[in-house]
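Residue-level listing of the chains:
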Amino acid sequence: FNQSGNFPFQITDSKNCRFKDTVTIHPRLPFNPKVFFMDSSSISCVKKNIHVIAQGGKSYQWSGGTNKQNDTVTFSIPGKYFITITDSYGCTKTDSLVVGMDTLKPNISLKPIGDSILTCLQKTVLIKAYGATNYSWNNGKFSVIDSLTCKKEGGYFVTGIGSNGCQTRDSV
């Protein structure tokens, strides 16, 4: 049957006995399961787990490194993962997703702007950092500001934080 409704039928056996009944075919709902990332699709320096959810099925079977039967799974290893989703009629659909890895550290550098020697006449030196999204200077200040004004002789360092949360330290 390719449509829903009530369908009468009759069965006649070899002794000419008849049995009549009606079968009801219910409309079948469309099967459109979805699989999506709950937040990010890549593991990073600060995000060690990726959460994925599947919807629209009665049962879920993951493969590709995990063998979970839940609608929500957590991945901590990058790779390609497959899911087979089964509806209440036993129909299946298979989908896949790729969990990436973004652990590239920023390539930062520090350079003094102008003269880098403190003297009686030059009481400050400006140090500029390049290559990161945010910076944390050894004076305890965290900011998007990429420069620091130094008033004392000595070593200065900065931790550069990339957009993925990965960090690199440099000093001058």
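Please refer to the structure higher up on the page.
Everything numeric in this text was worked out from a predicted model, so none of it was measured.

A. Representation of the sheet that holds strand S6 (residues 59-63) in the model. The mixed open sheet is built from 4 strands, whose spatial order is S4-S9-S8-S6. Each edge of the sheet is formed by a strand with only one pairing partner; in this case those strands are strand S4 (42-44) and S6. On average, adjacent strands in this sheet sit at an angle of 25° to one another, irrespective of strand direction.

B. The state of the cysteines, seen in detail. The tally for this structure, following the rule as stated, stands at 1 disulfide. With its sulfur 1.9 Å from that of its partner, Cys45 forms a disulfide with Cys166. Because the torsion about its S-S bond is 95°, the bridge between Cys45 and Cys166 counts as right-handed. Note that Cys45 is positioned in the loop between S4 and strand S5 (50-55) and Cys166 in the loop between strand S15 (157-161) and strand S16 (167-171), a separation of 121 residues in sequence. When its relative accessible area of 0% is taken as the criterion, Cys166 is described as buried.

C. Structural context of the pairing of strand S8 (residues 79-86). One ladder, built from 5 bridges, connects S6 with S8; its direction is antiparallel. When the sheet's bridge partners are listed, Tyr60 is paired in S8 with Ile85. Note: S8 against strand S9 (residues 92-102), 8 bridges, orientation antiparallel. Opposite Lys80, over in S9, you have Val98 as the bridge partner.

D. Examining the pattern of salt bridges more closely. Enumeration according to the criterion identifies 1 salt bridge in this entry. Linking Lys47 and Asp39 is a salt bridge whose minimum nitrogen-to-oxygen distance equals 3.1 Å. On the basis of relative accessibility, which here comes to 24%, the residue Lys47 falls in the partly exposed class.

E. Expanded view of the pairing of S15. In terms of residue burial, S15 counts as a mostly covered element, since 4 of its 5 residues are buried. Across 4 bridges, the pairing between strand S12 (residues 134-137) and S15 is antiparallel. From the neighbouring strand, Tyr135 faces S15, where its bridge partner is Gly160. Taken together, the 5 bridges between S15 and S16 define a ladder with antiparallel strand orientation. In the strand pairing of S16, Phe157 is matched with Ser171. Here S15 folds back onto S16, and the loop between the two strands holds 5 residues, one of which, Gly165, carries a positive phi near 90°.

Rules used throughout
Residues numbered from 1 in each chain as written. Predicted model: local features only at pLDDT ≥ 70, side-chain atom pairs only at ≥ 80, totals over all residues. Heavy atoms only, no water. Pairing = 2+ DSSP bridges. Helix = DSSP H or I, 4+ residues; strand = E, 2+ residues; numbered from the N terminus. Axes fitted to C-alpha atoms, helices over the stretch in contact; angles between N-to-C directions. Disulfide = S-S within 2.5 Å. Buried < 20%, exposed > 50% of the residue type's maximum accessible area, 1.4 Å probe, protein only. Salt bridge = Lys/Arg side-chain N within 4 Å of Asp/Glu carboxyl O.

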